[in-house]
Amino acid sequence: MQQIINFIIRYKNFLLYVFLMIVSLGFTIQSHSYHQSRFFNSSNWITGNILESSNNVSTYFGLDRENQKLMHENEYLRKLLFNKKEIDTTALDSVQLTYTITTGKVIKNSFADPRNYITINQGKKDSVKPDMGVITSKGILGIVENTSNNFATVQSILNEKSNINAKIKNTNHFGSLVWNMKQYNVVQLVDIPRLVPLTIGDTIVTGGMSSIFPENIPIGTIRKFDLNTSKSFYNIDVALFNDMTNIKNVYIIDNSNREEILELEKLTETNGQ
Amino acid sequence: MVSNYYFLNVIRFILLVLVQVLVFNKLNFFGFINPMVYILFLYWYPVKENRAAFIGLGFLLGIAIDFFSDTMAIHAASTITIAYMRPAIMRFVFGVNFEFQSFKLSNTTRAQQITYLALLIIVHHFVFFTLEIFSLANFLLILKKVFATGTATLILCLLFGSLFSVRKE
């Protein structure tokens, strides 16, 4: 017993180091295989507030460009609206809508890591829940991963773990959108079968297979494509529409049918076994 | 005098965390270089302090940065590594001298200080990027990031060091 205590006292620094290392590695490795930790994220109260107050200052530097962006979007939406034959305002009653939209502001953005997360200033209080889709006026951005009362972290499409259903516009050939961690303006679309005719410059949009994003939200254009090692599927490099380095205003999409879809899928899965 | 001394370290801790997360995490020089200047805290931390407390502080520092940058506990793992290895690195750079009571960082030569800082940075960045990228297939990417970010960190730390260094008495 004496010897054990002596041993612990003599190597206490080393043991402390090993203990702390195991703790850190535990958190880190767990996040590689599963979700971001519930506690170790920037949506908590302290970090959220510090990041937000910093953002309150820095946001003024980009106001001009941001206004321009929003004007362009309004212009586009107005054009759609005015050219529509008839407008039925009762259809905008929120009870009947499948998708509802909340706006938010980015208070922290990163794009240089293998696993990038964006923090936004909307949380549980604004009825933002995990697994909602987040887009900007130009294209998709990511999926909400964790929420606190006032903030939420978003798993960016520039994240190793990101996997989003996407398709080639005006066709029904869909694949998965992933990121190879190399460039912040290029993501990869995989699992598109070889028989699909592709051209450089084709637009990639979200597919209808996910219960997170509505169909046909723009993602980017094809920059380059080649066959994968098995020669049966394409690896496509997609140049993003979004400038991931400069994002201020975002829209958070809530699909009111999502729970029903998930429930049904779960039911089918258990019945199938 | 003693409280003054703790006060200085607490202020240094908070300021370095804030500077790191509010300024340097957003730098993205060449698209991917984010220098990690908070290492200066471990560089400046007094030599003769309790080692266990030093490792504990290293962990706190790392986890504080991790909270802000959504990197799980990668920063913490790297900071405790350099906190643990610091005596070995110091012995390598300064010889047995550093264990004497009269040892002061400001009394050593410039070359020694730079070597000491550079070794801390290399170990830290190596652990950090290995854990961050987490695959040996991307070993070249790890080396590239260690080299590029390490250089930027070293230059900035030296600049900061000369700005805020304790005056020679």
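Source: prediction; values computed, not measured.

Looking only at helices and strands, chain A has five helices and 12 strands in total. When the backbone C-alpha atoms are referred to their principal axes, chain A occupies close to 90 × 50 × 45 Å. Classification of the 273 residues of chain A by burial places 42% in the buried group. Considering only contacts in chain A between residues 6 or more positions apart, those separated by 24 or more positions represent 61%. Roughly 15900 Å² of accessible area belongs to chain A as shown, and the carbon and sulfur atoms make up 56% of that amount. Between the averaged position of the 27 positive side-chain charges in chain A and that of its 25 negative side-chain charges there is a distance of 8 Å.

Our focus in this paragraph is the overall build of chain B. The number of helices and strands found in chain B is six helices and zero strands. In sequence order, chain B lays out its α and β elements as α-α-α-α-α-α. Taken over C-alpha atoms, the radius of gyration comes to 16 Å for chain B, in line with the 15 Å a tight globule of 169 residues would show. Taking the principal axes of its C-alpha atoms as reference, chain B extends roughly 45 × 30 × 30 Å. By residue count, 53% of the 169 residues in chain B fall in the buried class. Within chain B, counting contacts between residues at least 6 apart in sequence, those at least 24 apart form 64% of the total. As displayed, chain B has an accessible area near 8200 Å², and 73% of this comes from carbon and sulfur atoms.

Moving on to the sheet that holds strand 4 (residues 140–147) of chain A. Residue and element names in this part refer to chain A. Ordered in space as 1-2-5-4-3-12, the six strands form a closed barrel in which the pairing is antiparallel. Pairwise comparison of adjacent strand axes, ignoring direction, gives a mean angle of 45 degrees for this sheet. One ladder, built from two bridges, connects strand 1 (residues 99–108) with strand 2 (residues 115–120); its direction is antiparallel. The residue bridging V106 from the neighbouring strand is I120, located in strand 2.

To continue, consider the interface of chain A and chain B. Facing the 37 residues of chain A at the interface are 32 residues of chain B. Summed over both partners, the interface of chain A with chain B comes to about 3100 Å²; 69% of that surface belongs to carbon and sulfur atoms. Linking chain A to chain B there are zero salt bridges. Our count for the chain A to chain B interface comes out at three residue pairs in polar contact (both at pLDDT 80 or more).

Bringing helix 3 (residues 45–58) of chain A into the picture now. Residue and element names in this part refer to chain A. Here helix 3 is 14 residues long and its end C-alpha atoms lie 20 Å apart, about the 20 Å a rise of 1.5 Å per residue gives. The complete set of buried residues in helix 3 reads T47, G48, L51, S54 and N55. The buried side chains of helix 3 occupy one side of the element, clustering within an arc of 135 degrees when seen end-on. Residues W45, I46 and V57 are exposed on helix 3 and point more than 90 degrees away from its buried face.

A word on helix 4 (residues 74–94) of chain B. Residues and elements named next belong to chain B. Under the 1.5 Å per step criterion, the end-to-end length of helix 4 is 29 Å for 21 residues, consistent within 8% with the ideal 30 Å. The largest bend in helix 4 amounts to roughly 50 degrees and is located at M85, with the proline P87 lying one to four residues further along. Two residues or fewer after helix 4 comes G95, characterised by a positive phi angle close to 75 degrees.

Our next topic: the side chain of N9 of chain B. All names here are of chain B. By the secondary structure assignment, N9 is in helix 1 (residues 2–22). The exposure class of N9 is buried, given its relative accessible area of 8%. When near neighbours in sequence (up to four residues on either side) are disregarded, N9 contacts F41, Y45 and P46.

A separate point is the confidence of the model for chain A. Per-chain confidence: chain A averages 82 in pLDDT, with 91% of residues scoring 70 or above. For chain A, the element scoring lowest by mean pLDDT is helix 2 (residues 12–33) of chain A, at 80; strand 3 (residues 133–135) of chain A scores highest, at 89.

Our next topic: the packing of helix 5 (residues 110–133) of chain B against helix 6 (residues 139–164) of chain B. Residue and element names in this part refer to chain B. Two numbers describe how helix 5 lies on helix 6: the axes approach to 9 Å, and their chain directions differ by 140 degrees. Judged by the twist between their axes, the crossing of helix 5 over helix 6 is right-handed. Side by side, helix 5 and helix 6 meet where R110, I114, L117, A118, I121, H125, F126, F129, T130, E132 and I133 of the first sit next to F139, L141, I142, L143, K145, V146, T149, G150, T153, L154, C157 and L158 of the second. Tallied by class, residues from the contact of helix 5 with helix 6 come to 15 nonpolar, five polar and three charged.

By rolling a water-sized probe across the atoms, one finds the places where empty space is left. Applying the stated criterion to the full structure yields three cavities of 30 Å³ or more. Its volume calculated, the largest cavity comes out at about 280 Å³. In terms of lining, the largest cavity is formed by 25 residues, of which the most central are D113 of chain A together with N25, N34, S69 and H75 of chain B. Those elements that place two or more of their residues in the lining of the largest cavity are helix 1, helix 3 (51–69), helix 5 and helix 6 of chain B. By residue number, the principal contributor to the lining of the largest cavity is helix 5 of chain B, which donates three residues. Its volume calculated, the second largest cavity comes out at about 100 Å³. Together, 13 residues line the second largest cavity, and E66, K69, T136, S137 and N249 of chain A are the ones closest to its centre. Among the secondary structure elements, those contributing two or more residues to the lining of the second largest cavity are helix 4 (63–82) and strand 12 (249–255) of chain A. With three residues, the single largest contributor to the lining of the second largest cavity is helix 4 of chain A. Looking at the lining of the second largest cavity, its residues break down into three nonpolar, five polar and five charged.

What counts as what
Every chain's residues receive numbers from 1 upward, in the order its sequence appears when written. Each chain takes a letter, starting from A, and each ligand takes a number, starting from 1, following the order in which they are written. Per-residue local features are limited, in this predicted model, to residues with pLDDT of at least 70; the limit for side-chain atom pairs, both in listing and counting, is 80 or more; totals at the level of whole chains, interfaces and linings are taken over all residues. With hydrogens and water stripped out, all remaining heavy atoms of the structure feed into the side-chain values. Runs of H or I in DSSP of at least four residues are treated as helices and runs of E of at least two as strands, each being numbered from the N terminus. Each residue gets one of three labels from its accessible area relative to the maximum for its type: buried under 20%, exposed over 50%, partly exposed in between, using a 1.4 Å probe on protein chains only. We call two residues contacting when some pair of their heavy atoms lies within 4.5 Å. Under the convention used here, a 1.4 Å probe and the Shrake-Rupley method define accessible areas, while residue burial counts only the protein chains that appear. None of His or the chain ends enter the tally, which takes Lys and Arg as positive and Asp and Glu as negative. Note on charges: their place is set at NZ of Lys, CZ of Arg, CG of Asp or CD of Glu. We compute the radius of gyration over the C-alpha atoms and compare it with the globule rule, which gives 2.2 Å times the number of residues raised to the power 0.38. At least two DSSP bridges between two strands are required for those strands to pair. To obtain each axis, a line is fitted to C-alpha atoms, and for helices this fit is confined to the stretch in contact; angles are then taken between N-to-C directions over 0 to 180 degrees. Here the quantity called buried area is the accessible surface, traced with a 1.4 Å probe, that two parts lose on coming together, added over both. Every case where a carboxyl oxygen of Asp or Glu lies within 4 Å of a side-chain nitrogen of Lys or Arg is listed as a salt bridge. Pairs of N or O atoms are called polar contacts if they sit within 3.5 Å, as long as, within protein, a hydrogen donor faces a hydrogen acceptor (for residues adjacent in sequence, only side-chain-to-side-chain pairs). One less than the number of residues in a helix, times 1.5 Å, gives the span that helix is expected to have. In this context, the arc is that of the directions from the helix axis out to the C-beta atoms. To get the bend at a residue, fit one axis to the 7 residues ending there and another to the 7 starting there, then take the angle between the axes. Note: pLDDT gives the predictor's confidence per residue, expressed from 0 to 100. The handedness criterion is simple: a crossing whose near helix is rotated anticlockwise from the far helix by less than a right angle is left-handed, and one whose near helix is rotated clockwise is right-handed. Asp, Glu, Lys and Arg are counted as charged, while Ala, Val, Leu, Ile, Met, Phe, Trp, Tyr, Cys and Pro are counted as nonpolar; the rest, among them Gly, fall into the polar class. Two kinds of site are reported from a 1 Å grid over the protein atoms alone, namely cavities, where a 1.4 Å probe fits but cannot get out, and pockets, open sets with protein on both sides within 12 Å along at least five of seven lines, and residues are called lining when an atom falls within 4 Å of a point. Grid points are joined across faces, edges and corners, and a volume is the space filled by probe spheres set on the points.

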